[in-house]
Amino acid sequence: MAKLSTATGTKTLTTVLLILTLISISSNALARQHSVLIYIRDDVYIDYQRFVTDKDISSIDNFSGKNIRRDVVDMIIAQQALKLGGFSHSFSYAPGKVNFRNTKMLQNGQLLISFDSYWQQDALPLADKVYISDPVIRNGEYIAGIYTSPKNTKTLAIKELSDLAELTAVSTPKWRTDWKTLQKLPIKSLTRDDSWLSMVRMVDIQWIDFILMPFNSTPDQSFVMNKVHLVPVKNIGVVLKDSRHFVISKKHPEGKEAYIAINKGLKILRQRGAIVKAYQQAGFFVDRNKVKIINP
């Protein structure tokens, strides 16, 4: 009888363990099934991974250090706001060269949200197919640096607006605010290129004199990616007069839920002072007493 009891106990234990294993596998599969796939530009995703490492996204309150940039701050703030607003879905990521393809995916419901915020001027034409969140960066808060090659002494010598007269710049009209800002500057010429990587490469090899970029968090505010090395004109900035917002697909199944949640969360973060603090720590919001705005 003892042997029978032992055998029965062993069989029961094995059955319980099997059931628990199946439950665990089913739960993990269900979690993966309900995670929301987000397409993100590969260079942003790499810096995001390096900055976040194994931190809990909702607990991040220090945005200083390496690999932090405006795009990465956007990505973290969006997730924090969604969670604070009650959005419980997890995210998985598909990195790649998805700069403007994201807009099409948002419109047709393939992409829930762009974690890279949009200028309001770029978002409004999409308003019939996307929700536009409250501003994460308010009008007048975005001060861009004039980024150029460290070898471009002519650009690095800028002191006044009139010094731009012999300089060339690059951007894309798909970024309406950047493009319109550059059109109003007294520059020699403005070149169109719809590839961000191509833009920075042209400035790096001095085919183009400068590009407007958010200030970087590195000690000298320089931007380095692979073989590209750009530096800002010291203590000179250009204000981009528009606000930035998160854009959420109206056609995605979780679109309305995410829209309500992110606005609720952004309000909470704004009241805490967390949004301004994050961009300041990341080096993006600069001290206006130390930077001369040449297009006030």
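Here goes a summary of the coordinates provided. The structure presented is a predicted model; accordingly, all values stated were derived computationally and were not measured.

Side note on the pairing of strand 4 (residues 130–137)
- With six of eight residues buried, strand 4 lies mostly within the body of the structure.
- Where strand 4 meets strand 11 (residues 244–249), five bridges bridge the pair, whose relative direction is antiparallel. Bridging from a neighbouring strand, Val130 pairs with Ser249 of strand 11.

Side note on the packing of aromatic side chains
- Enumeration over the complete set of coordinates arrives at 15 aromatic pairs.
- Between Phe51 and Phe63 the ring centres are 6.3 Å apart and the planes differ by 20°, which places this aromatic pair in the stacked class. You can see Phe51 sitting in helix 2 (residues 42–52) and its partner Phe63 sitting in the loop between helix 2 and helix 3 (70–84), a full twelve residues away along the chain. In this pair, the class of Phe51 matches that of Phe63, namely buried.
- For the pair Tyr279 and Phe284, a centre-to-centre distance of 5.5 Å together with 65° between the ring planes defines the contact as edge-to-face. Across this residue pair, the class does not change: Tyr279 and Phe284 are buried.

Quick notes on the nonpolar core
- Ile77, Phe115 and Ile146 are the most contacted members of the largest nonpolar core, which has 69 residues in total.
- For this core, the element with the most residues is helix 3, which contributes eight residues.
- Excluding anything up to four places from it in sequence, Ile146 contacts Thr155, Ile158, Leu164, Phe210, Ile211, Leu212, Val231, Pro232, Val233, Ile236, Val238 and Ile294.
- Core analysis: the second largest hydrophobic core is formed by 21 residues, Met202, Phe215, Met225 and Val228 among them.

Basis of the calculations
- Residues numbered from 1 in each chain as written.
- Predicted model: local features only at pLDDT ≥ 70, side-chain atom pairs only at ≥ 80, totals over all residues.
- Heavy atoms only, no water.
- Buried < 20%, exposed > 50% of the residue type's maximum accessible area, 1.4 Å probe, protein only.
- Helix = DSSP H or I, 4+ residues; strand = E, 2+ residues; numbered from the N terminus.
- Pairing = 2+ DSSP bridges.
- Phe/Tyr/Trp six-rings, centres within 6.5 Å; stacked < 30°, edge-to-face > 60°.
- Core = buried A, V, L, I, M, F, W, Y, C linked by side-chain atoms within 4.5 Å.
- Contact = heavy atoms within 4.5 Å.

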